[in-house]
Amino acid sequence: VQLQAFGGGAVQAGGSLRLSCAASGRTFSRCTVGWFRQAPGKERDVVAVISRSGSSTYYVDSVQGRFTISRDNAKNTAYLQMNSLKPEDTAVYYCAAVQTILTDLRISEHDYNYWGQGTLVTVSS
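Treat the numbers as computed from the prediction; the structure is a model and nothing was measured.

> How would you sum up the pattern of salt bridges? Please name residues and give values.
Evaluated as defined, the whole model comprises 4 salt bridges. The partner of Glu109 in a salt bridge is Arg44, with the nearest N and O atoms 2.9 Å apart. Taken together, the residues span a long stretch of sequence, with Glu109 in the loop between strand E9 (91-99) and strand E10 (114-115) and Arg44 in strand E5 (residues 44-50) at a distance of 65 residues. Overall, the relative accessible area of 23% leaves Glu109 in the partly exposed class. The class of Arg44 is partly exposed, set by a relative accessible area of 24%. Each of Arg37, Arg66 and Asp89 takes part in one network of salt bridges that share partners.

Here you go:
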């Protein structure tokens, strides 16, 4: 699976962005997909995760209620809708995928073996 993340940009606090993660290959529908982010000088952390079918999701507390992860397996694409953005959301955002079973969710970056190149999100106050 090859992944390409895009949709980042510069936005003011309170604004919205939608990130997309386009996948190639036939196994995307058998993959759990996660969005991660890495702020300057910090480690890469999980943001949101979605199961193969989309029936299960996980969000880190800091984005709960503001971000929504979704996927369209017919289009081999996952999304991260980000609303009410804050300056502390500024980071490079990565999508990642790993083949799993059923509703399995993985929140550790070490569990993922496919990664996109990252897209920069900058939120100004």
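Having seen the structure, we can now continue with the description.
> A description of the sheet that holds strand E1 (residues 2-6) should follow, citing residues and the corresponding values.
One open sheet accounts for 4 strands, arranged E1-E3-E8-E7; its pairing is antiparallel. This sheet does not close on itself; its edge strands, each paired only once, are E1 and strand E7 (67-72). Strand-to-strand twist in this sheet, taken as the mean axis angle between neighbours without regard to direction, amounts to 15°. As defined by bridge partners, E7 adjoins strand E8 (residues 77-82) across 6 bridges and the pair is classed as antiparallel. Looking at the pairing, Thr68 lines up with Gln81 of E8.

> Tell me about the pairing of E5, residues and numbers included.
Most of E5 is tucked away, with 5 of its 7 residues classed as buried. As paired elements, strand E4 (residues 31-38) and E5 share 6 bridges and run antiparallel to each other. In the strand pairing of E5, Trp35 is matched with Ala48. Taken together, E4 and the strand that follows it, E5, pair antiparallel across an intervening segment of 5 residues, in which Gly41 is found at a positive phi of about 75°. With 3 bridges connecting them, E5 and strand E6 (residues 57-59) associate as antiparallel partners. Bridging across to E6, Ile50 finds its partner in Thr57. In this antiparallel pair of consecutive strands, E5 and E6, the connection spans 6 residues, and Gly54 shows a positive phi of 90°.

> Which residues make up the side chain of Thr27, and what are the values?
Its place among the elements puts Thr27 in the loop between strand E3 (17-24) and E4. Owing to a relative accessible area of 17%, Thr27 belongs among the buried residues under this scheme.

> Residues and numbers for the nonpolar core, please.
In globular proteins that are soluble, nonpolar side chains generally tend to be buried together. If you look at the biggest cluster of nonpolar residues, it comprises 29 residues, and the most contacted ones within it are Trp35, Val47, Phe67, Leu80, Met82 and Tyr93. Residue assignment for this core shows that the elements contributing at least two residues are E1, E3, E4, E5, E7, E8, E9 and strand E11 (119-124). When residues no more than four places from it in sequence are discounted, the contact partners of Met82 are Gly15, Ser16, Leu17, Leu19, Arg66, Phe67, Tyr93 and Val121. By size, the runner-up hydrophobic cluster in this structure holds 6 residues, among which are Val46, Val49, Ala96 and Val98.

> Run through unusual backbone geometry, naming residues and quoting values.
With a phi angle near 55°, Asn76 is a residue other than glycine that sits in the positive phi range. Mapped onto the elements of the fold, Asn76 is located in the loop between E7 and E8.

Conventions and cut-offs
Every chain is numbered on its own, with residues counted from 1 as its sequence reads. Predicted model: local features are reported for residues with pLDDT of at least 70 only, side-chain atom pairs are reported and counted for 80 or more only, and whole-chain, interface and lining totals are derived from all residues. The basis for every side-chain value is the complete set of heavy atoms in the structure, and neither hydrogens nor water enter the calculation. Counted as salt bridges are all cases of a side-chain nitrogen of Lys or Arg within 4 Å of a carboxyl oxygen of Asp or Glu. For the purposes of this entry, the term helix denotes a DSSP run of H or I that reaches at least four residues, the term strand denotes a run of E that reaches at least two, and both are numbered from the N terminus. Only protein chains enter the calculation, and the probe is 1.4 Å; a residue is then buried if its accessible area is under 20% of its type maximum, exposed if over 50%, and partly exposed in between. By this definition, two strands are paired if DSSP reports at least two bridges between them. Lines fitted to the C-alpha atoms define the axes, with helices restricted to the stretch that makes contact. Angles between their N-to-C directions range from 0 to 180 degrees. By convention a nonpolar core is built from buried Ala, Val, Leu, Ile, Met, Phe, Trp, Tyr and Cys residues, the set being connected through side-chain atoms within 4.5 Å. A contact between two residues is defined here by any heavy atoms of the two lying within 4.5 Å.

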